[in-house]
Amino acid sequence: MLSALYHGMEVRHLDQSCSKAEISRALHHTPQAERIMLLGHGSDKGLFSRKDDNIDVFDRLIVYHPHAYYLRRHGSNIVAVWCNAHLFAQAEGLHGLFSGMIVTEMSEALECGIVTSVEELRAENEKIARRLRALLDENVPLPDIPRRMAALDDAHTPLTKFNYQNFYYL
């Protein structure tokens, strides 16, 4: 789902093979004019990673407190989409566009008490990612995106109402 946010763009892709030092170096050397996108699963503690994508368990935090210095230094040109990224941002004094809890899996829907189907989940998550990408491509200012995303909800189901309301500019 989240690959729609960077598909076709010239990006420097950092993944689970990168060490804490490599990520710190990449963040340190990213010009402020260049957007940093942090995408995946996570918590209020940071962005998760796992060594083996075939196992549904996360091994570590790949972006977390030690990286906050570089992210704060970068300014507000940050887009972070993972569950409760906004809580991580608030705790670390970060600025940019951050997601709250975004339901992307049936287990999360059950946890949040949201009645949905696998089909709706798949279709609506692809749609929300494409819509966010379109706003980014149109160079909509990051502070305007939460309001614009909420207005793009055309299904108004429990799932979409929950997800579209969970974007924050901090």
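This write-up is about the structure you can find in this document. What you are looking at is a predicted structure, and each value in this text was computed from that prediction instead of being measured.

This part is about helix α2 (residues 65-74). Residue pairs spaced three or four apart in an α-helix point in one direction, given the helix's 3.6 residues per turn. Burial in α2 covers these residues: His67, Ala68, Leu71 and His74. Taken around the axis of α2, the buried residues stretch over an arc of 120°, which confines them to a single face.

Quick look at the pattern of salt bridges now. Taken as a whole, this structure holds seven salt bridges when the rule is applied. For the salt bridge of arginine 72 with glutamate 92, the shortest nitrogen-to-oxygen distance reads 3.8 Å. With arginine 72 in helix α2 and glutamate 92 in helix α3 (residues 85-92), this residue pair connects regions lying 20 residues apart in the sequence. When the shortest N-O distance is used, the salt bridge between aspartate 154 and arginine 131 registers 2.9 Å. Placement of aspartate 154 in the loop between α6 (145-151) and α7 (158-164) and of arginine 131 in helix α5 (residues 118-137) is noted, with a sequence separation of 23 residues between them. Here aspartate 154 falls in the partly exposed class, since its relative accessible area comes to 48%. Connected through shared salt-bridge partners, Glu124, Lys127, Arg131 and Asp154 make up one network.

To continue, consider the nonpolar core. Ranked by size, the top nonpolar core spans 17 residues in total, and within it Leu38, Val63, Leu71, Trp82 and Phe98 carry the most contacts. Those elements that provide at least two residues to this core are α1 (20-28), β1 (36-39), β4 (60-64), β5 (78-81) and α3. When near neighbours in sequence (up to four residues on either side) are disregarded, phenylalanine 98 contacts Ile78, Ala80, Ala85, His86, Ala89, Asn166, Phe167, Tyr168 and Leu170. Ranked by size, the runner-up nonpolar core spans 16 residues in total, among them Leu2, Val79, Ile128 and Tyr164.

Now for the sheet that holds strand β7 (residues 167-169). Spatially, the four strands line up as an open sheet ordered β1-β5-β6-β7, and their pairing is mixed. The two strands at the open ends of the sheet, each matched to only one other strand, are β1 and β7. Neighbour-to-neighbour, the strand axes of the sheet open up by a mean angle of 15°, direction not taken into account. As defined by bridge partners, β1 adjoins β5 across four bridges and the pair is classed as parallel. Paired with leucine 38 across the bridge in β5 is alanine 80. On the sheet, α3 packs against β5, β6 (97-99) and β7 and is oriented at approximately 130° with respect to β6.

Turning our eyes to something else, we now look at the sheet that holds strand β3 (residues 46-49). Taken together, three strands build an open sheet; the order of strands is β2-β3-β4 and the sheet is antiparallel. Strand pairing shows two members of the sheet lacking a second neighbour, β2 (42-43) and β4, which therefore form its edges. Summarising the sheet, β2 and β3 pair through two bridges and their orientation is antiparallel. Within β3, the residue paired with glycine 42 across the bridge is leucine 47.

By secondary structure assignment, the location of histidine 67 is in helix α2. Judged by relative accessible area, which is 0%, histidine 67 ranks as buried.

Moving on to the side chain of serine 43. Note on placement: serine 43 falls in strand β2. Serine 43 gets classed as buried once you look at its relative accessible area, which sits at 17%. Once residues within four sequence positions are removed from consideration, serine 43 is found in contact with Phe48, Trp82, Cys83, Asn84 and Phe88.

Our focus in this paragraph is the packing of aromatic side chains. Evaluation of the coordinates by the stated rule reveals two aromatic pairs. Considering the side-chain rings of tyrosine 69 and tyrosine 70, the 5.1 Å spacing of their centres and the 80° angle between planes classify their relative orientation as edge-to-face. Note on tyrosine 69: relative accessible area 48%, which makes it partly exposed. Centre to centre, the rings of tryptophan 82 and phenylalanine 88 are 5.6 Å apart; their planes meet at 50°, and the pair counts as tilted.

Conventions and cut-offs
Residues numbered from 1 in each chain as written. Predicted model: local features only at pLDDT ≥ 70, side-chain atom pairs only at ≥ 80, totals over all residues. Heavy atoms only, no water. Buried < 20%, exposed > 50% of the residue type's maximum accessible area, 1.4 Å probe, protein only. Helix = DSSP H or I, 4+ residues; strand = E, 2+ residues; numbered from the N terminus. Arc of directions from axis to C-beta. Salt bridge = Lys/Arg side-chain N within 4 Å of Asp/Glu carboxyl O. Core = buried A, V, L, I, M, F, W, Y, C linked by side-chain atoms within 4.5 Å. Contact = heavy atoms within 4.5 Å. Pairing = 2+ DSSP bridges. Axes fitted to C-alpha atoms, helices over the stretch in contact; angles between N-to-C directions. Phe/Tyr/Trp six-rings, centres within 6.5 Å; stacked < 30°, edge-to-face > 60°.

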